[in-house]
Amino acid sequence: MNHSKIAPEYQPSMINGVTASKVFLPNENTDQTVFEYLCVHFAHIKNNEWQQRFQDQLIIDMQGQALTMTSAYQANTHIYYYRFLENEIHVPFYEKIIFENADLLVVDKPHFLTMSPTGQYVQETLLVRLKKTTQNVDLTPIHRLDRETAGVVLFSKRPETRGIYQQMFAERKVQKTYHAIAPFRKDLDFPQFVHLRMEKGQPFYTMSVVDGEKNSSTEIALLEHNDQWAKYCLKPQTGKQHQLRVHLNYLNIPIKNDPFYPHVIHKKDNDFSMPLQLLAKEICFIDPVTLVEMCFCSDNVLTL
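Here is what the cut-offs are and how they apply
- Residues numbered from 1 in each chain as written.
- Predicted model: local features only at pLDDT ≥ 70, side-chain atom pairs only at ≥ 80, totals over all residues.
- Heavy atoms only, no water.
- Axes fitted to C-alpha atoms, helices over the stretch in contact; angles between N-to-C directions.
- Helix = DSSP H or I, 4+ residues; strand = E, 2+ residues; numbered from the N terminus.
- Parallel < 35°, antiparallel > 145°, perpendicular 65-115°, else oblique.
- Left-handed = near helix turned anticlockwise from the far one by under 90°.
- Contact = heavy atoms within 4.5 Å.
- Disulfide = S-S within 2.5 Å.
- Buried < 20%, exposed > 50% of the residue type's maximum accessible area, 1.4 Å probe, protein only.
- Pairing = 2+ DSSP bridges.
- Salt bridge = Lys/Arg side-chain N within 4 Å of Asp/Glu carboxyl O.
- Phe/Tyr/Trp six-rings, centres within 6.5 Å; stacked < 30°, edge-to-face > 60°.

**Student:** Please explain the packing of helix H1 (residues 34-41) against helix H2 (residues 47-55) as it appears in this structure.
**Tutor:** Each pair of packed helices can be summarised by the angle the axes make with each other and by the distance between the axes. Their axes nearest at 10 Å, the elements H1 and H2 cross at an angle of 140°. Compared by their axis directions, H1 and H2 come out oblique. Between H1 and H2 lies a crossing whose hand is right-handed. Taking contact as the criterion, the partners of Val 34, Phe 35, Leu 38 and Cys 39 in H1 are, on H2, Asn 47, Trp 50, Gln 51 and Phe 54.

**Student:** Sorry, what's going on with the state of the cysteines here?
**Tutor:** Here is the idea: a disulfide is a covalent bond, and it sits between the sulfur atoms of two cysteines. The final tally for this structure, using the stated rule, is 1 disulfide. Here Cys 284 pairs with Cys 295 through a disulfide, and the sulfurs are 1.9 Å apart. With Cys 284 in strand S13 (residues 278-286) and Cys 295 in strand S14 (residues 293-297), the pair connects residues that are 11 residues apart, well separated along the chain. This cysteine, Cys 233, is not joined by any disulfide, and Cys 297 carries the nearest cysteine sulfur, 11 Å off.

**Student:** I would appreciate a short explanation of unusual backbone geometry in the present structure.
**Tutor:** Note on backbone geometry: most residues besides glycine have negative phi, and most peptide bonds are trans. In this model, Gln 202 is joined to Pro 203 through a cis peptide bond whose omega is -5°. Among the structural elements, Pro 203 can be located in the loop between strand S9 (192-200) and strand S10 (207-210). Positive phi, close to 75°, is recorded for Phe 112, a residue that is not glycine. Phe 112 gets classed as buried once you look at its relative accessible area, which sits at 5%.

**Student:** What is the right way to look at the sheet that holds strand S2 (residues 59-61) in this model?
**Tutor:** Whenever strands of a sheet pair, they do so through backbone hydrogen bonds, lying parallel or antiparallel. Spatial ordering of the open sheet is given by S1-S3-S2, a layout of 3 strands whose pairing is antiparallel. One side of each edge strand has no neighbouring strand; the edge strands of this open sheet are strand S1 (21-25) and S2. The sheet shows a mean angle of 30° between the axes of neighbouring strands, direction not considered. Judged from the 5 bridges that link them, S1 and strand S3 (residues 77-81) form a sheet pairing that is antiparallel. Each bridged residue has a counterpart across the sheet, and for Phe 24 the counterpart in S3 is His 78.

**Student:** Would you mind showing me how to read the pattern of salt bridges here?
**Tutor:** Once the charged atoms of two side chains with opposite charge are near each other, the side chains can pair. As enumerated under the stated definition, the model contains 13 salt bridges in all. Among the ionic pairs, Asp 299 bridges to Lys 96, the shortest N-O distance being 2.5 Å. With Asp 299 in the segment after S14 and Lys 96 in strand S4 (residues 96-100), this residue pair connects regions lying 203 residues apart in the sequence. The network of salt bridges with shared partners includes Asp 146, Glu 148, Arg 245 and Asp 258.

**Student:** What is the right way to read the pairing of strand S11 (residues 216-225) from this model?
**Tutor:** A regular strand carries its side chains on alternate faces of the sheet. As defined by bridge partners, S9 adjoins S11 across 5 bridges and the pair is classed as antiparallel. Along S11, the bridge assignment pairs Gln 192 with Ile 220. Of the strand pairs in this sheet, S11 and strand S12 (residues 229-236) are connected by 7 bridges, and their pairing is antiparallel. Within the sheet, the bridge partner assigned to Ile 220 lies in S12 and is Leu 234. In sequence, S11 turns back onto S12 through a hairpin of 3 residues.

**Student:** Whenever I open this one, the packing of aromatic side chains confuses me. Can you help?
**Tutor:** For any pair of aromatic rings, the description consists of the separation of the ring centres together with the inter-plane angle of the planes. The full count for this structure, using the stated rule, is 14 aromatic pairs. Consider the rings of Trp 50 and Tyr 81, whose centres lie 5.2 Å apart with planes at 75°: the pair is edge-to-face. Linking Trp 50 in helix H2 with Tyr 81 in strand S3, this pair joins segments that are 31 residues apart in sequence. Side by side, Trp 50 and Tyr 81 carry an identical accessibility label, which is buried. Ring geometry for Phe 93 versus Phe 272: centroids 5.9 Å apart, planes at 80°, classification edge-to-face. Taken together, the residues Phe 93 in the loop between S3 and S4 and Phe 272 in the loop between helix H5 (243-250) and S13 connect sequence positions 179 residues apart. For Phe 272, a relative accessible area of 16% translates into the label buried.

As structure tokens, then:
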């Protein structure tokens, strides 16, 4: 009788806050190298970038051995690779951890910081910064904020309870309060209840208002104002991409410094001069694990 145990799968370590991505090598009749396969499979990544990753020993096999440019393609296996960018633009604003327990990390995010590695940002993302700070490889955002938006965001610390917190958001059991600075209009009465149908727009990274069944709702109240600007309290009932930005723009009061609405303005990636005046001010919920009511508030303040 064979009592041998299956060896646990190799788990590559975290390097400088970055966890390895996993790639399956399918069963192909090929005499190409792993390098050649990756260049074809990830055509959007330049060949010299893959070359650099091999030279830096950032491509690893299932046994944890670094692969080289000449390593042969091994079908039906996995490889791991790490992603680092040369000359990544530094975001000169910093996150703040405002609460932590066994399951949750609650963070006050600054403007201009992307949530997770994407495109031109890896090290300068909230997730990688926090992984470096906490050394927690399992850290995962439970919900998201736009790069331009500041404020409170929740991270899961443990895979065992991640799903129950994600479900809490899916079932809309979380009360979110945002603040925004936008033009003051004397002819608008508040509170306003905005209900719109939103779909992907043009360019693809924007959203547009279309006819049809409503799929986004926001309650908007006026907090204070002067002759030109007002501070609004926004309570979204749904969570569509760019919802608050689109809803205020629909009322003809686009959020101050919004680079997408009403018009896309292409700013330099290192231009941090005009942060979008949108803040995820507060988040409240009944913790599904402890059943205790939780409420977290950003230290950031938007001023007229």
